[in-house]
Structure formats: C-alpha cells, structure tokens
Amino acid sequence: MQVIKDKSIINDEWSLIRNIENSDPIPDGDVILPFLFWEANREKLINSKDKHAIWVDGSIETESIANDLKYFIIIALDFPTFKDGRSYSHARLLRERYKYEGELRAIGDVLQDQLFFMKRCGIDSFKVRDDKNIEEALKSFKDFSVRYQAAADDDATISSQRKFK
Amino acid sequence: MYKYDNYDQTIVNERVEQFRDQTRRYLAGDLSDDEFRPLRLMNGLYIQRHAPMLRVAIPYGLLSSKQLRMLAHISRKYDKGYGHFSTRQNIQFNWPALETVPDILADLATVEMHAIQTSGNCIRNTTSDQFAGISKDEIEDPRPYCEIIRQWSTFHPEFSFLPRKFKIAVSGSKGDRAAAMVHDIGLYLVNNEKGEVGFKVFVGGGLGRTPYIGKCIRDFLEKKYLLSYIEAILRVYNRFGRRDNIYKARIKILVNDVGQEEFGKQVEKEWLHIKEGVLKLDQKEIDYAKSFFTSPTYSKDAVDDTSYNEAKKSNKSFLNWTTRNLYSHKIPGYTAVIISLKAPDIAPGDATDEQMDFIAELSDLYSFGEIIVTHDQNLVLPNVKQVDLFLLWEKLKTKNLATSNIGLLTDMICCPGLDFCSLANAGSIPIAKQINEKFDNLDYLHDIGDLKIKMSGCMNACGHHHVGHIGILGVDKKGEEFYQLTLGGSSENDATLGDRLGPAIAKTDVADVIGKLLDVYVKLREEDERFLDTYRRIGITPFKENVYASN
C-alpha cells in the first residue's frame with residue numbers, strides 16, 4: 001500500500017481495521033485500530049504489542065485520547081468526506097496543544113486539493129483515495145509558497161516576514 | 001486603501017495557477033462534479049440557471065478607480081456588459097464561461113483583486129460600514145481590522161471546510177451601518193470605561209430560513225486579541241457545529257442549541273489556550289494595517305463655497321437629489337455622494353460596463369479615485385467637495401445614475417431571484433419592476449421618506465427580507481410564484497426581525513399591497529415618524545386589516 005509521507009511516496013505495511021467489535025480478538029500484525037476498540041482492550045493491547053496505532057474521526061474529541069498519546073506511533077484522522085473539516089482542528093490540537101510527535105495520517109476521502117491544508121494542520125502522512133493519482137497529489141504541497149496565518153507547520157507567516165516600518 | 005506587497009501578490013497569483021489547474025483537471029474528467037464543486041465555490045464560482053456565476057471579492061466594499069475599470073473590462077470581455085453589486089459589497093458576473101474563469105482571475109490579480117472565499121463553507125469577505133473613515137460618529141476606522149481579518153482568514157488551513165459559510169462584519173461607528181447583528185460574528189469597535197478602544201463581540205446572528213439576531217459573548221475585547229478570539233470561536237464552531245443537516249449547520253443554530261452563555265464559556269475556554277500565542281497582534285501589525293487607511297489631503301477652502309446652496313435654491317431636481325443622495329462628511333465642505341443603482345428601469349444593483357468606467361472617471365475627478373460598494377447595492381464616492389456637486393450631478397444624469405431615491409421605497413434591496421439563481425422559488429427583479437411602475441411619483445416617494453424594502457426570491461434570504469421595514473419573500477405554491485410580506489424589520493442598532501403580515505399574496509398584487517400598507521402609514525403617522533416608527537407604535541393589526549379586509 002502506498003502512502004505519502006514527508007512529501008514522498010513510500011510503501012507502508014500498516015493495515016487499517018475499519019470494522020471490529022470490542023469483543024473481537026486482537027488482530028495480528030501492524031494494524032491501525034479504531035480508538036474505541038483500543039480503549040476497550042487497553043490493558044491487553046499494552047501487554048501484547050509494542051507499537052500502537054489508532055484511528056479516530058471528527059466525532060471523537062481530541063481531549064479523550066490526549067492522555068494516551070505516548071502509546072501511539074500513528075494516529076490516523078478520518079475524513080469520511082473531504083467536506084468534513086473537523087479533523088483539521090483535531091490535527092492542530094494534537095500537534096500544538098498536546099505536542100503529539102508521532103505520525104498523523106489522513107485517511108478516508110483524502111484528495112489532492114486538500115493536502116496543502118492538511119499538511120499545514122500538522123498531518124504528515126496521507127493515504128490518498130485509491131482511485132486518485134498519488135503522484136499528481138504530491139503537487140498540492142506546492143500550491144502556495146507563502147501563508148498569512150500560523151498553524152501547526154513551522155513555516156514563517158507573512159506578517160512575521162514583513163518589515164514593518 | 002490597502003496596497004498589496006509581494007506576499008499578497010504572490011498568494012493571488014498562485015491562486016490563479018491553482019484554479020487554472022483545478023479547472024483543467026475538471027474539464028479532463030479527473031475531478032468529479034462533486035469534488036470540483038467546493039473548489040470552484042471557494043473561488044466564488046456557482047453553476048447557475050443559465051451559466052456560471054462568478055462572485056468577485058471587494059474587501060469591505062472598497063474599490064480604486066483602477067479596480068472598477070477592471071470590473072468594467074471583465075463585464076465587457078467575458079460577460080454581457082454588466083455586473084451586479086451584491087448585499088455583501090461584492091460584485092457578481094452572471095454569464096462567464098467556465099473555461100474563461102482562470103483568465104478572469106488572472107486579470108483581477110493584476111489589480112490586486114480575486115474571488116477567494118466568496119462562496120463555499122469557509123470564511124467569506126469581511127464586510128463593513130460604507131462610510132468608514134468619513135462619518136462623524138466613528139469611534140475608529142474599522143477597515144484596518146477588516147484587512148487584518150481578511151489576511152488571517154485567507155486560505156486558513158483549519159477553517160476551509162467548516163460546517164457552513166461564515167460571515168464577519170466590523171462596525172466602527174455608533175450607528176451600525178454594517179448590519180453586524182445579522183452576521184456569524186459581528187464586531188463593534190467600542191470604548192470601555194477607561195476610554196480604551198476594543199471590540200464588543202456578537203455571534204450567531206444571521207438570516208436565511210432560521211433568522212437570529214446576534215448574541216453578545218464579550219463586552220470588551222482588547223484589540224491585540226482580535227485574531228485569537230475569532231480563532232477560538234471558529235474552532236469551537238468547526239468542531240461542534242452540526243454537519244448532518246445543511247439547514248442547521250450555521251453557527252447560529254449551535255449558539256442557540258447550547259445557549260448563549262454556554263457557547264461563550266466554550267469560546268473563552270478555548271481562547272485561554274491560545275490568547276497569548278502567535279495570534280496575539282503586535283502593535284506594529286495594527287499600525288501597519290492602519291497606515292493604509294489614512295485620510296486624503298482635504299482642501300481647507302472647501303467650506304468657503306457658496307455656489308452649492310445657490311444651486312439648491314434654483315434647481316428643484318438637484319435639491320431633491322441632495323436631500324436623498326448625500327451623506328454628511330466629518331470634514332466641513334465635503335460630502336459623500338451615493339450613486340443610486342436603483343433607476344426604475346434596471347435590476348437593482350446592476351451597473352453596465354459603461355457606467356462603471358464612467359463612475360471610475362468621476363471618482364478620479366472628484367473623490368480621490370475611491371469608490372465604495374454599499375450593502376444596499378449602491379455605490380459611494382466618499383470624498384466630494386460641495387463645490388463639485390452640481391457638476392457631478394449633471395454628469396451622473398447623463399448615464400442614468402442620478403436617481404434621487406436613496407433610502408426611499410424604490411431603493412430596494414433585491415437578490416437575483418428566479419431570473420438567474422438556481423435556488424430561487426420566485427422572481428425578485430420583476431417585482432422590483434412592478435413596484436417601480438406603481439410608485440413613479442417622486443413627490444410621493446419623498447413624502448413617504450425612509451423606507452427599506454428588501455426582497456429575496458427564496459428563504460435563503462440573500463435579499464435580507466427579514467430586516468426590511470417591508471420584507472418580501474418569494475415562495476412557490478404549487479408551481480406559482482407567491483410573496484410573503486413581513487413588516488418592521490431592521491438591521492441597524494435596533495436590529496429586529498420583521499413580523500409576518502399574513503398569507504402570501506399573488507405576484508400581480510405585490511405593489512398594490514405595498515400601496516395599502518403605505519395608505520395606513522400616511523393616515524396614522526405622527527409628524528416626522530418613519531414608516532418603521534409608526535409600525536412599532538401601532539403594531540401590525542391596522543396594516544393587516546387594510547390589506548386582507550378587502551380581499
């Protein structure tokens with residue numbers, strides 16, 4: 001499976017588990033689990049795996065996962081449709097408020113024309129929708145060379161670069 | 001006015017290229033209709049009844065003569081030779097071809113203009129007072145703050161896919177001419193007890209199918225916290241605003257559901273995290289924005305002119321025009337001139353390419369090359385010397401631009417309606433025409449005086465009918481156009497939503513019903529009472545009786 005990470009395309013072995021009951025057995029291998037499943041099986045998981053990855057959608061408040069961030073090497077943020085912009089706020093909160101430093105991955109309806117915004121909010125890996133051209137999608141990062149407002153990326157803003165008289 | 005530096009110019013240039021590529025991919029079939037829609041909307045491009053409609057941003061309504069000439073050029077080259085000024089101080093072109101839109105944007109970029117975020121579920125053009133910088137009751141010029149908000153909100157990465165559109169208005173005067181109470185965020189520049197100037201913050205106002213007046217969540221916000229506070233509001237809204245139902249997705253619904261006090265608490269809680277962070281405004285940033293909104297060099301002898309008063313005495317039509325179409329200026333000897341785009345024979349708010357070029361020339365001659373678009377869909381020359389008024393009026397007359405009706409019955413606000421818009425249930429422009437035909441006696445109109453008629457062709461309320469003294473809403477009844485009237489609305493400091501008069505009326509009866517409402521007013525008004533004041537004093541019953549008794 002290909003994902004964009006740090007602005008280049010890489011092969012990635014993590015598999016995303018979309019549907020699972022909390023009572024189901026824990027899947028083997030590198031899996032991205034729904035946060036609610038992870039939470040329900042917290043103790044078992046912490047004892048059996050050393051790498052943890054979860055996914056959340058906009059309905060799960062960032063505050064509710066904030067205490068467990070130290071376990072996660074990947075947090076995948078779901079965009080059920082690209083028009084659902086809640087995960088932009090969650091990405092910024094994770095990076096800026098809770099200082100999450102692991103991988104933040106966009107999953108779901110992830111399309112070229114939103115990658116620039118997602119990256120600015122702190123998302124650093126992208127599972128572009130399967131039917132879309134992932135090579136083309138890379139171009140999005142170059143859409144704008146300057147930005148007016150600060151976000152989770154560390155690029156300088158225009159007002160910080162302006163030489164005020 | 002604000003001047004782009006290299007950074008501003010780079011952003012609009014890069015936007016042109018981005019949209020050119022998006023359009024290419026759409027036309028090549030790489031982007032579906034559904035995927036392209038939000039992209040084009042964030043560039044102000046709708047697919048309408050006959051053709052695409054392109055909405056171009058006019059930040060807080062302010063245009064240079066050079067920019068207005070470009071709008072004339074665009075209407076001539078890419079459209080049918082006219083443009084429609086909107087109630088949010090923007091301009092709309094009704095007939096451009098999709099393929100040419102990237103070229104239009106490239107032309108706009110050459111005069112520091114764009115169509116960024118003029119539609120879509122994002123932060124829209126920040127609007128303000130058309131008399132900013134010149135009115136006597138101004139506490140502080142709101143435009144530098146509008147510009148600061150414009151820059152912060154442009155391509156905001158977190159807030160480009162909000163639950164719904166988001167509109168901010170800033171008023172800098174005691175009298176609210178920015179309709180701030182009916183915006184998602186309404187900001188008023190106010191003095192606190194110490195005499196410092198800051199913002200009073202309202203949220204959750206709006207029209208549409210569920211109209212609300214904004215609720216105050218902060219009495220005084222220091223200027224340096226302007227952006228952090230707005231960002232906190234937007235973040236709470238982006239996270240918790242409803243996304244399951246387009247009609248319940250505006251912030252007003254969220255504010256109403258959780259309650260004014262609780263919503264305010266959530267904002268304050270979020271704000272505490274970010275208020276001292278990178279968004280805190282440096283005084284230098286504020287001063288930089290302010291440096292673009294300085295007064296022109298007024299001439300000291302403007303006040304000595306006597307010819308203006310002489311001309312008023314000797315020419316009744318000129319006198320009529322000066323009574324309605326001028327706005328009192330803070331500098332003696334100067335006045336703001338309101339150019340009516342409500343001549344009886346044109347669609348309200350429309351201007352031809354020739355008129356736009358002509359107004360640009362007049363603004364160079366008489367008003368330091370600036371023009372302002374008003375919420376009422378007229379244009380303002382903000383700094384005209386009294387001595388020039390007579391000549392200016394004579395020139396305006398030659399292009400059908402001197403209709404003496406500002407604030408009168410025929411100065412209607414009107415959306416494009418069924419003639420252009422794919423959302424509309426009923427026509428607006430034909431009703432405007434019907435009203436103009438019935439009320440063609442200027443003496444009668446002047447006698448009726450201040451009267452705001454606002455008309456929308458559907459409940460999305462682009463014509464702001466809820467806040468019209470008389471509001472007219474087009475509805476569809478089994479395929480026929482009917483009109484629902486409301487009375488007593490206002491979008492000013494005393495903002496109120498109009499009351500429903502009664503059952504909707506047939507298309508052919510609208511002007512006659514307005515006549516009946518005015519008969520009641522003329523009969524029962526006291527001295528200099530406006531229609532709105534009479535209505536507030538006597539209530540809806542006498543109006544209702546006169547309209548429906550005879551039917």
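Residues numbered from 1 in each chain as written. Chains lettered and ligands numbered in written order. Predicted model: local features only at pLDDT ≥ 70, side-chain atom pairs only at ≥ 80, totals over all residues. Heavy atoms only, no water.

K.L.:
Talk me through the interface of chain B and chain A; I want residue IDs and the actual numbers.
P.N.:
Contacts between the two partners involve 45 residues from chain B and, on the opposite side, 38 residues from chain A. Of the roughly 3700 Å² buried at the junction of chain B and chain A (both faces included), carbon and sulfur atoms supply 55%. Where chain B meets chain A, there are 11 salt bridges. With its nearest N and O atoms 2.7 Å apart, the salt bridge here joins Glu-35 of chain B to Arg-129 of chain A. Taken together, the connections running from chain B to chain A amount to 26 residue pairs in polar contact (both at pLDDT 80 or more). Within the residue set of the side of chain B that touches chain A, elements represented by two or more residues are α1 (6–27), α2 (33–41), α5 (143–153), α6 (226–240), α8 (260–274) and α9 (283–290) of chain B. In terms of residue class, the side of chain B that touches chain A is made up of 16 nonpolar, 10 polar and 19 charged. (Contact = heavy atoms within 4.5 Å. Buried area = accessible area lost by both parts, 1.4 Å probe. Salt bridge = Lys/Arg side-chain N within 4 Å of Asp/Glu carboxyl O. Polar contact = N/O pair within 3.5 Å; in protein donor to acceptor, adjacent residues only side chain to side chain. Helix = DSSP H or I, 4+ residues; strand = E, 2+ residues; numbered from the N terminus. Nonpolar A, V, L, I, M, F, W, Y, C, P; charged D, E, K, R; others polar.)

K.L.:
So what about the packing of α1 of chain B against α2 of chain B? Which residues, and what values?
P.N.:
Residue and element names in this part refer to chain B. Two elements in contact, α1 and α2, have axes separated by 10 Å at closest approach and are oriented at 160 degrees. Compared by their axis directions, α1 and α2 come out roughly antiparallel. Here the hand of the crossing between α1 and α2 comes out left-handed. Contacts between α1 and α2 involve Arg-15, Phe-19, Gln-22, Thr-23 and Tyr-26 from the first element and Asp-33, Phe-36, Leu-39 and Arg-40 from the second. Looking at the contact of α1 with α2 residue by residue, the classes come out as four nonpolar, two polar and three charged. (Axes fitted to C-alpha atoms, helices over the stretch in contact; angles between N-to-C directions. Parallel < 35°, antiparallel > 145°, perpendicular 65-115°, else oblique. Left-handed = near helix turned anticlockwise from the far one by under 90°.)

K.L.:
I'd like a description of the domain arrangement of chain B, backed by residues and values.
P.N.:
All names here are of chain B. On domain assignment, one finds that chain B holds domain 1 (6–109), domain 2 (143–290), domain 3 (315–398) and domain 4 (413–548). Between domain 1 and domain 4, the C-alpha centre-to-centre distance is 33 Å. In this assembly, 10 residues from domain 1 lie in contact with 11 residues from domain 4. Taken together, both faces of the contact between domain 1 and domain 4 bury some 820 Å²; the carbon and sulfur share is 51%. Linking domain 1 to domain 4 there are zero salt bridges. Summed over the shared surface of domain 1 and domain 4, the result is two residue pairs in polar contact (both at pLDDT 80 or more). (Domains from an automatic or database assignment.)

K.L.:
Got a sec to walk through the environment of Cys-415 of chain B? Specific residues and values, please.
P.N.:
Here Cys-415 of chain B shows up in the loop between β15 (413–414) and α14 (429–438). The residues contacting Cys-415 of chain B, other than those within four sequence positions of it, are Ser-428, Ile-429, Met-455, Ser-456, Gly-457, Cys-462 and Gly-463 of chain B.

K.L.:
Lay out the sheet that holds strand β1 (residues 45–47) of chain B with the relevant residues and their values.
P.N.:
Residues and elements named next belong to chain B. Read across the sheet, five strands follow the order β1-β2-β5-β4-β12 without closing on themselves; strand pairing throughout is antiparallel. Both outer strands of the open sheet, β1 and β12 (350–352), are each paired with one neighbouring strand and no more. On average, adjacent strands in this sheet sit at an angle of 30 degrees to one another, irrespective of strand direction. Relative to strand β5 (residues 91–93), strand β2 (residues 52–56) runs antiparallel, the two being bridged by three bridges. Across the sheet, residue Arg-55 finds its bridge partner in β5, namely Gln-92. (Pairing = 2+ DSSP bridges.)

K.L.:
Lay out empty space enclosed by the protein with the relevant residues and their values.
P.N.:
Following the criterion strictly, the structure yields seven cavities of 30 Å³ or more and no others. Estimated volume of the largest cavity: approximately 100 Å³. Lining the largest cavity, in full, are Ala-57, Pro-59, His-114, Ile-116, Gln-117, Ile-123, Arg-124, Asn-125, Thr-126, Arg-150, Ser-153 and Thr-154 of chain B. Grouping the amino acids of the lining of the largest cavity by side-chain chemistry returns four nonpolar, six polar and two charged. There is about 70 Å³ of room inside the second largest cavity. Lining of the second largest cavity is provided by Asp-113 and Phe-117 of chain A together with Arg-15, Gln-18, Gln-22, Pro-38, Leu-39, Met-42 and Phe-161 of chain B. Listed by contribution, the elements that provide at least two residues to the lining of the second largest cavity are α5 (112–120) of chain A together with α1 and α2 of chain B. Looking at the lining of the second largest cavity element by element, the count peaks at three residues for α1 of chain B. Here the residues of the lining of the second largest cavity are counted per class, giving five nonpolar, two polar and two charged. (1 Å grid on protein atoms, 1.4 Å probe; cavity = no way out; pocket = protein on both sides within 12 Å on 5 of 7 lines; lining within 4 Å. Points joined across faces, edges and corners; volume = space filled by probe spheres on them.)

K.L.:
Which residues make up unusual backbone geometry, and what values do they have?
P.N.:
Phi is positive for Gln-377 of chain B, close to 65 degrees, though the residue is something other than glycine. Relative to the helices and strands, Gln-377 of chain B resides in the loop between β13 (370–373) and β14 (379–385).

K.L.:
Account for the sheet that holds strand β6 (residues 72–79) of chain A, naming residues and giving values.
P.N.:
All names here are of chain A. Pairing within the open sheet is mixed, and its eight strands lie in the order β2-β1-β8-β7-β6-β5-β4-β3. A single partner strand is all that each edge strand has here, and the edge strands are β2 (8–11) and β3 (15–16). In this structure, β6 lies alongside strand β7 (residues 103–108), joined through six bridges in parallel fashion. Looking at β7, one finds that Ala-76 is bridged to Arg-105. Each of β6 and β7 is contacted by helix α4 (residues 86–97), which is oriented at about 160 degrees to β6, the strand it contacts most.

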